[in-house]
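Each chain, written out:
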Amino acid sequence: MKSLPTLLASLLLLGGIVSGAATTYKAPPKPSRGKDVTKVNDRTWKINSDAREHRIDFHLTNGTVFVLDSTNGSYVLPADPSTEGVKGSGRAWWLPANASSDSQESSYMFTANGPITARCENTTWACNIEISSSSAMVTAHRARPHADVRGDEFTFDFDGSDDLADALAGLYWTSMLPMVVEHTRAKDYPISEGFVISTLASQYSGTYPDVDHEFQIKGRVAIGSDLDLSVVQRMIELELKLAREDFCGLWRTPCALQPDGAREYNVRRNSEDGKTNAVMFLVSGNVEMLQSIWLYVARTKDMDWLAKNIDDIEMSAWGIEEYIDTEGRLWSDVYYEDQVMKDGRETMSAALAANSFGLLAELETLLGRSNKAKHYLELKSQLSKAISEPLPKGYWDPSVGRYIDWVDRNGWAHDHIHLLANILPVMFGMASDNQTTSVMDMIEAEMDEFQRFPTFLSARIQDYNSTEIGDGGPYDLCAAGRYWCWDAAFWSWRKNRGMLRQQLKAVADMARSEDYIMGERYDMDHVYYVDGSPWHGAAHYYEYPCVYTWVMMHDYIGVQPSLKADVLLAPRLADTGTVTLKQSAYELSYKYGKNGFELHNLAKSERSFQLDLSALYQKAGPMTITTGRTSGAFKDGSIVKLGAGASLKIDIQ
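Nothing here was measured: the structure is a model prediction, and the numbers come from that model. (Residues numbered from 1 in each chain as written. Predicted model: local features only at pLDDT ≥ 70, side-chain atom pairs only at ≥ 80, totals over all residues. Heavy atoms only, no water.)

Caption draft 1: Molecular detail of the overall build of the protein chain. Scanning the protein chain from terminus to terminus reveals 14 helices and 35 strands. Taken against the 2.2 N^0.38 rule, which gives 26 Å for 653 residues, the C-alpha radius of gyration of the protein chain at 26 Å falls within 12% of a compact globule. Along the first, second and third principal axes, the C-alpha atoms of the protein chain reach 90 × 60 × 50 Å. A buried classification covers 59% of the 653 residues belonging to the protein chain. For the protein chain, long-range pairs separated by at least 24 residues make up 65% of all intrachain contacts whose partners lie at least 6 apart in sequence. On the protein chain, roughly 25,100 Å² of surface is accessible, and the fraction owed to carbon and sulfur atoms is 47%. (Helix = DSSP H or I, 4+ residues; strand = E, 2+ residues; numbered from the N terminus. Rg over C-alpha atoms; globule rule 2.2 N^0.38 Å. Buried < 20%, exposed > 50% of the residue type's maximum accessible area, 1.4 Å probe, protein only. Contact = heavy atoms within 4.5 Å. Areas by Shrake-Rupley, 256 points an atom, 1.4 Å probe, with all protein chains shown as cover.)

As structure tokens, this is what we get:
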């Protein structure tokens, strides 16, 4: 008879509970095929197969599985009871169904040197993992892993970090990863590479290069895994392909690519009263693509890819130029709000286009194409100058001291105190000192309206009329992730760490209340959709998950792409604490204290870090940096190289 300690150890090994310092993990169920289960550590087990079968099987309860497939690149294959089985190699995940953020259930990562097949069925033991290998490793994680799809973990330790980290994990695993359907749902589509969908619960079954891809890409750049960056590359290459194949030769990215291969290059909608109409996203996808390409190159440093694609990139930029008039005004029609009939030139699109031309100039400089760089800087200057000119020639209304939203093709200005129309020219340095002061005063006065939930598009949504509202109704007169993304960038630029924390907490709390499956638009029962629900539109939507990930990682944690270093580190933490990121793009940890800052390179090779600590120490005196045995004065913006495992310390005097 086994002793009590031996019996308890056996129960803990398979099917029991393993408790760590901070998190309790359950051991995986006993494999239905396989033997010689060995405990490696408190959360990892090794299983050997039978020598004759070369097979290890696990039967797990209802949930979601992900299998990686690196045969022809880096792909993730998501599956649940509503989809068929998937087959990949090397790595798979199982996540329990309907797990809350405080769930005591564990998820499991399976790794092996061989093929892995997974499928889920609507039965008691719903998910099967079949591994063709002599051995496999199983690692337990939280129900929603605080890790990327490669298993590289993130850890935050500061006031309120648990809820923010749970939201980051929940939104990634319940929305961002399942929407990558290239080799599952889209595997038989005419075009499958880069096919990432925007919702898992509505009739919108296409992929949407205009608007949606911008935020899908930003979220995946921010999460930092090499697989997510591979998805980003394929999404950008899809956009370039669709622009190149524009049947009108206008180099437009389409509003949508549908499963049957249909491309929606020209979508025009009518107003609610039928008196006007506007083109949807005429230049949006092209402008966004230039920014996405900058982010991709800054993250990967893939100059060969950039050189190979630069001709198509320039033609896509030309697809914007052709709508700029001789006065430097961009006649874009609708940029973000597809149910607001902006039939003319809008401030927001002109500002974003100017910014993207500036980013393209930086890429041209990297390639040594100085004449091209000069050309795009001139375009940026033309647009910027026109933006801050007064009406009727420009976009500034001196009578009210703010930028208008848009001027229609009849010359009428439309203005309901649009947020992005005002903060973008200020943030991008297009506004004069007097204009900046006036806009800042307006933002302060209208703070409650804009921040009802991150972030409402304008302060007077009730004032839009039936000629301005689209025939789909007041769909966009509310809060949306696309507005929040740039609003958060504004507050990051202002170094307002408290506002970023407030916004992240608001979205994280909402996401938690909805089990991290978020809706499309958040009206908060305010004006138009007073129905007891805070949101309307498509369910299980991509936008807030991707934007939350971007704002959390890029703006708050402060790990940003850079053309000058491996990582630009510009934290905006509102509280002291520590951050550890093991994702391939980062591989770092830092500690923020009142009197100093520490940074550790967790990579196995030398890494360069561009440091901007100005938001953390806004009133600090002289700062001293120490690396190894060398000390000296520290200046924000400095680039520091750290060898494998090396660290630095910055002291505030």
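Caption draft 2: The layout of surface pockets, seen in detail. Here the largest pocket is characterised by a volume of approximately 960 Å³. Lining of the largest pocket is provided by 30 residues; of these, W294, N355, L359, H554 and Q560 occupy positions nearest its centre. Put simply, the parts of the chain that give the lining of the largest pocket at least two residues each are α5 (284-300), α7 (347-366), α12 (481-493) and α14 (543-557). Counting residues per element, the lining of the largest pocket draws most heavily on α12, at five residues. Residues that form the lining of the largest pocket fall into these classes: 15 nonpolar, eight polar and seven charged. Here the second largest pocket defines a volume of roughly 800 Å³. What lines the second largest pocket is a set of 32 residues, and nearest its centre among them are T64, A79, D80, P178 and L200. (1 Å grid on protein atoms, 1.4 Å probe; cavity = no way out; pocket = protein on both sides within 12 Å on 5 of 7 lines; lining within 4 Å. Points joined across faces, edges and corners; volume = space filled by probe spheres on them. Nonpolar A, V, L, I, M, F, W, Y, C, P; charged D, E, K, R; others polar.)

Caption draft 3: Looking closely at the nonpolar core. One finds F156, Y548 and I557 to be the most contacted residues of the largest nonpolar core, which totals 181 residues. Apart from the residues within four sequence positions on either side, F156 is in contact with S161, A165, L168, M552, M553, I557, T578, V579 and L581. In this structure, L60, V86, W94 and V138 belong to the second largest nonpolar core, which totals 27 residues. (Core = buried A, V, L, I, M, F, W, Y, C linked by side-chain atoms within 4.5 Å.)

Caption draft 4: Spatial organisation of the sheet that holds strand β26 (residues 559-560). Taken in spatial order, the four strands make up an open sheet running β26-β27-β31-β34, and their pairing is mixed. Where the open sheet ends on each side, the last strands, each with one partner, are β26 and β34 (639-642). Relative to strand β27 (residues 567-569), β26 is paired through two bridges, and the arrangement is antiparallel. Looking at β27, one finds that V559 is bridged to L569. (Pairing = 2+ DSSP bridges.)

Caption draft 5: Fine view of the pairing of strand β30 (residues 596-601). In this structure, strand β29 (residues 588-593) lies alongside β30, joined through six bridges in antiparallel fashion. Its bridge partner being in β30, G593 is matched across the sheet by G596. As consecutive antiparallel partners, β29 and β30 are separated by two residues. In the sheet, β30 pairs with strand β35 (residues 647-652) via five bridges, with the strands oriented antiparallel. Each residue of the ladder has a partner; that of F597, found in β35, is I650.

Caption draft 6: Examining empty space enclosed by the protein more closely. This structure, assessed with the given rule, holds one cavity of 30 Å³ or more. Quantified by volume, the largest cavity comes out at close to 40 Å³. Taken together, E214, V287, E288, Q291, Y335, Y336, L352, N355, S356 and W486 make up the lining of the largest cavity. Contributions of two or more residues to the lining of the largest cavity are made by α5 and α7.

Caption draft 7: Spotlight on the pairing of strand β9 (residues 106-120). With respect to burial, β9 is a largely interior element, eleven of its 15 residues being buried. Across eight bridges, the pairing between strand β8 (residues 86-96) and β9 is antiparallel. When the bridges of β9 are listed, R91 appears paired with T111. The pairing of β9 with strand β11 (residues 135-142) spans six bridges and is antiparallel. Residue pairing across strands places M109 opposite T139, the latter belonging to β11. Pairing of β9 with strand β10 (residues 127-131), which is carried by five bridges, proceeds in the antiparallel orientation. Across the sheet, the residue bridging to C120 is C127, located in β10.

Caption draft 8: Quick peek at the state of the cysteines. Inspection of every chain in the model, using the stated rule, returns one disulfide. Between the sulfur atoms of C120 and its disulfide partner C127 the distance amounts to 2.3 Å. Taking the sign of the S-S torsion, about 105° here, the bridge from C120 to C127 comes out right-handed. Of the two residues examined, C120 and C127, each falls in the buried class. With no disulfide partner, C478 has as its closest neighbouring cysteine sulfur the one in C485, 16 Å distant. C485 takes part in no disulfide bond, and the closest cysteine sulfur to it belongs to C546, at a distance of 10 Å. The buried category is assigned to C485, whose relative accessible area is 2%. (Disulfide = S-S within 2.5 Å.)

Caption draft 9: A look at the pattern of salt bridges. Scanning the model with the defined rule gives 39 salt bridges in all. Across the salt bridge formed by E245 and K241, the nearest N and O atoms sit 2.8 Å from each other. Taking the relative accessible area as the measure of exposure, E245 reaches 32% and is therefore partly exposed. Residue class for K241 comes out partly exposed when judged on its relative accessible area of 26%. Via salt bridges that share partners, R33, R55, D57, R119, E121 and E130 belong to a single interconnected network. (Salt bridge = Lys/Arg side-chain N within 4 Å of Asp/Glu carboxyl O.)

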